[in-house]
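# Breakdown of the fold
Single-letter residue listing:
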Amino acid sequence: MRDAKPKHISPFSRQPMSSHHFSTSTLKLLLAALATTMFLSVTATAQSPVTWELRMKEGSQSRLEKESVNRFELIAEIEKGWHLYSTDQPAGGPIPTTISVGAESQVELIGPITSGKPIKKCDPNFGIDTTYFDGSAVFKFSLRAKSQIPSDDATVRVRYQVCDDRVCLPPK
């Protein structure tokens, strides 16, 4: 008489095994896969593939006079393989780069923010055309000083998102 209970075969040992037990080699593989997944998640979260530098365009004045309007450049250096999204993105796409100043800031943003021409291409992460920068990006804008301040006190906030061809990091 045949046994009516189905047999489960381990793909590694080719030996019949109970439906609620795993072989030692299967458990080791599952644990290794879990550890690798956790490591890759932590690594991607810890990455910061963009470095930023704010420069005053007119030179290296040590002070900004009250009500003076000064041109600045915000330079992004982007690691190879990553891209930084531009300031204008379609709905359903990535988080666009935004540059702002806080209410407590000693400067205010005046006029438009301009940049070089971004790359426009279908992004595999979103399945739509997006615009982004590879290598580096320069954003140009004007800041007006609310009072006389050291030029190093002129600061801006940047919110941006970066992706490679497979994964996007959370916006910063």
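Residues numbered from 1 in each chain as written. Predicted model: local features only at pLDDT ≥ 70, side-chain atom pairs only at ≥ 80, totals over all residues. Heavy atoms only, no water.

### A few points about the sheet that holds strand 10 (residues 128–133)
- With respect to topology, four strands assemble into an open sheet ordered 9-10-6-14, the strand pairing being antiparallel. Looking at which strands have only one partner, the edges of the open sheet turn out to be strand 9 (119–123) and strand 14 (162–163).
- With two bridges joining them, strand 6 (residues 83–85) and strand 14 adopt antiparallel strand pairing. When the bridges of strand 14 are listed, His83 appears paired with Cys163. (Pairing = 2+ DSSP bridges. Helix = DSSP H or I, 4+ residues; strand = E, 2+ residues; numbered from the N terminus.)

### A few points about the sheet that holds strand 3 (residues 50–56)
- Read from one edge of the open sheet, four strands run 3-5-11-8, paired in antiparallel fashion. Looking along the sheet, the strands with just one partner apiece sit at the ends: strand 3 and strand 8 (107–115). Adjacent strand axes in the sheet meet at a mean angle of 25° when their direction is disregarded.
- When strand 3 meets strand 5 (residues 69–78), the two strands line up antiparallel, connected through seven bridges. Its bridge partner being in strand 5, Glu53 is matched across the sheet by Ile75. (Axes fitted to C-alpha atoms, helices over the stretch in contact; angles between N-to-C directions.)

### Observations regarding the side chain of Thr130
- The topology assignment puts Thr130 in strand 10.
- With residues near it in sequence (within four places) discarded, Thr130 still touches Tyr85, Gln89, Pro94, Ile119, Lys120, Lys121 and Asp123. (Contact = heavy atoms within 4.5 Å.)

### Looking at the nonpolar core
- Counting 22 residues, the largest nonpolar core has Leu64, Phe72, Leu84, Phe139 and Val162 as the members making the most contacts within it.
- Residue assignment for this core shows that the elements contributing at least two residues are strand 3, strand 5 and strand 11 (136–145).
- A per-element tally of this core places strand 11 first, with five residues.
- When sequence neighbours within four positions are dropped, the list of residues in contact with Leu64 reads Met56, Asn70, Phe72, Val107, Ala145, Ser147, Gln148, Ile149, Ser151 and Ala154. (Core = buried A, V, L, I, M, F, W, Y, C linked by side-chain atoms within 4.5 Å. Buried < 20%, exposed > 50% of the residue type's maximum accessible area, 1.4 Å probe, protein only.)

### Details of the confidence of the model for the chain
- Of the residues in the chain, 72% reach a pLDDT of 70 or more, and the chain-wide mean stands at 80.
- Residue range residues 1–24 is modelled with pLDDT below 50. Its contacts to residues more than four positions away, or to other chains, number 18 contacts.
- Of the regions scoring below 50 in pLDDT, residues 26–45 engages in five contacts with residues more than four places distant in sequence or in other chains. (pLDDT = per-residue confidence, 0-100.)

### Brief notes about the packing of aromatic side chains
- Across all of its chains, the model carries five aromatic pairs by this definition.
- A ring pair is formed by Phe133 and Phe139, whose centres lie 5.7 Å apart and whose planes are at 80°; its orientation type is edge-to-face. Summarising the burial analysis for this pair, Phe133 and Phe139 share the class buried.
- Taken together, the ring pairs connect Trp52, Phe133, Phe139 and Tyr160 into an aromatic cluster. (Phe/Tyr/Trp six-rings, centres within 6.5 Å; stacked < 30°, edge-to-face > 60°.)

### Remarks on the pattern of salt bridges
- Within this structure, the stated rule accounts for four salt bridges.
- Across the salt bridge formed by Arg55 and Glu53, the nearest N and O atoms sit 3.1 Å from each other.
- In this structure, the salt-bridge partner of Arg166 is Asp164, at a minimum N-O distance of 3.9 Å.
- Of the residues examined, Arg166 reaches a relative accessible area of 72% and is grouped as exposed.
- For Asp164, a relative accessible area of 10% gives the class buried. (Salt bridge = Lys/Arg side-chain N within 4 Å of Asp/Glu carboxyl O.)

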